[in-house]
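What follows is each chain in one-letter form.
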Amino acid sequence: MIFKICGLKEKDSILCCEANRVDFFGLIFYKKSPRNISYKDARELISFAEALRIIPVGVFVNQGISDLKDIITYLNLQYIQLHGDESQEYIDEVKKTFGIKIIKKFSIESEKDLVKVNQINNIDYLLFDYKPNSGELPGGNSKSFDWSLLKNAQIKLPWFVSGGINESNIKNIKKTLNPNGIDLSSGVEESLGKKSNKKINNLLRLFYDN
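Residues numbered from 1 in each chain as written. Predicted model: local features only at pLDDT ≥ 70, side-chain atom pairs only at ≥ 80, totals over all residues. Heavy atoms only, no water.

Colleague: Tell me about the overall build of the chain, and please be specific about residues and values.
Modeller: Per the secondary structure count, the chain includes 6 helices and 10 strands. Against the 2.2 N^0.38 benchmark of 17 Å for 210 residues, the chain shows a C-alpha radius of gyration of 16 Å, consistent with a compact globule. In the chain, of all internal contacts separated by at least 6 residues, the share reaching a separation of at least 24 is 55%. Here the chain carries 30 positive and 26 negative side-chain charges, and the mean point of each set is 3 Å from the other. (Helix = DSSP H or I, 4+ residues; strand = E, 2+ residues; numbered from the N terminus. Rg over C-alpha atoms; globule rule 2.2 N^0.38 Å. Contact = heavy atoms within 4.5 Å. Lys, Arg positive; Asp, Glu negative; His and termini not counted. Charge placed at Lys NZ, Arg CZ, Asp CG, Glu CD.)

As C-alpha cells, this is what we get:
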C-alpha cells in the first residue's frame, strides 16, 4: 500500500512519516488552506527530506501555469498533485516541460463523476476525494464520499482514496476497497492544520495490524 500524508509543515512530522514507512508527504500551496506552506519553508523541508526515503509532493489548486513552472523549478519537485480543475492542455504543458510525475484529483459524489477518470492522459496517479460543497476547501474537509462507488469501477491507472480517513474508518478501506494508495490529512491532525505524530502512529498501526 502506498501512503501519502498531506499538509506537512514540520520536520518532526516528516521523521514520523518516515518511521511509519509513509511514501509521500504533501506540501500544500493554496493560500486559503490552513495547511498552506510558504515556498521558502517548503524548500527547507524538501532539503531536509533529501536523505530520507519519503518523497515530497507539491499540491496545487488551479495554479497559473507560469507560476507553477517557476515553483517546480525553484523547489526541484519530482511529483506534483493537481487538486483543482486543471485541463488536459494544462497537464500536457507541465508534462512536456518537466516530465514530472502527476497525481490528478477527481472529486466523487456519484457514479457520473467517474466517467472522465479514464479519459485524462499524461498523468501517473489518480486521487479520489470527497466532492466539496460551495464554500468548502478543495480538500482536507474531514469528509468521506461513498467508497463503494469505486468497488467495481474499471480504473486503468494506480489510484489513491482520500477524504475523511481516520482511525475509526481506516479498516473499512481494507474491507471495501483495494486501492493502490491512501491519502491522509485531517484524520491525522490534533487541530486544524497541525499534524499529530500520535495519530499518524496509531492510524498506520491500525492499518497494518491484522
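So, next bit.
Colleague: Hey, could you go over helix α3 (residues 65-75) for me, with residue numbers and the actual values?
Modeller: Inspection of α3 places Leu68, Ile71, Ile72 and Leu75 among the buried residues, and these make up the whole buried set. An end-on view of α3 places all buried positions within 100° of arc, on one side of the element. Exposed residues pointing more than 90 degrees away from the buried face of α3 are listed as Asp70 and Thr73. Among the structural elements, β2 (24-29), α2 (39-49), β3 (55-60), β4 (79-82) and α4 (88-98) are those in contact with the buried residues of α3. Immediately beyond the C-terminal end of α3, within one or two residues, lies Asn76, with a positive phi of roughly 55°. (Buried < 20%, exposed > 50% of the residue type's maximum accessible area, 1.4 Å probe, protein only. Arc of directions from axis to C-beta.)

Colleague: Could you give me a rundown of the pattern of salt bridges, with the residues and numbers involved?
Modeller: Tallied over the full model, the rule gives 10 salt bridges. Ionic pairing is found between Lys131 and Asp113, a salt bridge with its closest N-O pair at 3.0 Å. Taken together, the positions of Lys131 in the loop between β6 (125-130) and β7 (159-161) and Asp113 in the loop between β5 (101-108) and β6 put the pair 18 residues apart, joining distant regions of the chain. The exposure class assigned to Lys131 is partly exposed, which follows from its relative accessible area of 30%. Glu189 is paired through a salt bridge with Lys195; the nearest N and O atoms lie 2.7 Å apart. One exposure class covers both Glu189 and Lys195, and it is buried. (Salt bridge = Lys/Arg side-chain N within 4 Å of Asp/Glu carboxyl O.)

Colleague: Help me get a handle on the environment of Phe207, residues and values and all.
Modeller: Within the fold, Phe207 resides in helix α6 (residues 197-208). Residues Phe207 and Lys171, 36 residues apart in the sequence, show an inter-C-alpha distance of 6.1 Å. Discounting chain neighbours no more than four positions away, the residues touching Phe207 are Met1, Phe3, Ile170, Lys174 and Ile182.

Colleague: Go over the side chain of Lys95, please, and point to the residues and values.
Modeller: Its location among the elements puts Lys95 in helix α4. Looking at Lys95, its side chain comes within polar contact range of the side chain of Asp124, at 2.6 Å. Ignoring any residue separated from it by four or fewer positions in sequence, one finds Lys95 in contact with Ile100, Lys101, Ile102, Asn122 and Asp124. (Polar contact = N/O pair within 3.5 Å; in protein donor to acceptor, adjacent residues only side chain to side chain.)

Colleague: Help me get a handle on the pairing of strand β8 (residues 181-184), residues and values and all.
Modeller: Burial along β8 is two-sided: Gly181 and Asp183 and Ile182 and Leu184, pointing in opposite directions, are all buried. Note that strand β1 (residues 2-6) and β8 share 4 bridges and pair parallel. Looking at β8, one finds that Phe3 is bridged to Ile182. When β7 meets β8, the two strands line up parallel, connected through 2 bridges. Each residue of the ladder has a partner; that of Val161, found in β8, is Ile182. (Pairing = 2+ DSSP bridges.)

Colleague: Outline the sheet that holds β8, listing residues and values.
Modeller: If you trace the 8 strands once around the closed barrel, you get β1-β2-β3-β4-β5-β6-β7-β8, paired in parallel fashion. Between one strand and the next, the sheet's axes are offset by a mean angle of 25°, whatever the strand orientation. Sheet topology note: the β3/β4 ladder contains 3 bridges and is parallel. By the bridge assignment for β4, Val59 is matched with Gln81. This element, α4, spans β4 and β5 of the sheet and lies at about 160° to β5. (Axes fitted to C-alpha atoms, helices over the stretch in contact; angles between N-to-C directions.)

Colleague: Help me get a handle on the pairing of β5, residues and values and all.
Modeller: For β5, the tally of buried residues reaches 7 of 8 residues, placing the bulk of the element in the interior. As a crossover connection, the stretch from β4 through α4 into β5 is right-handed. Across 6 bridges, the pairing between β5 and β6 is parallel. Looking at β6, one finds that Ser107 is bridged to Asp129. (Right-handed = clockwise from strand over helix to strand, strands pointing away.)

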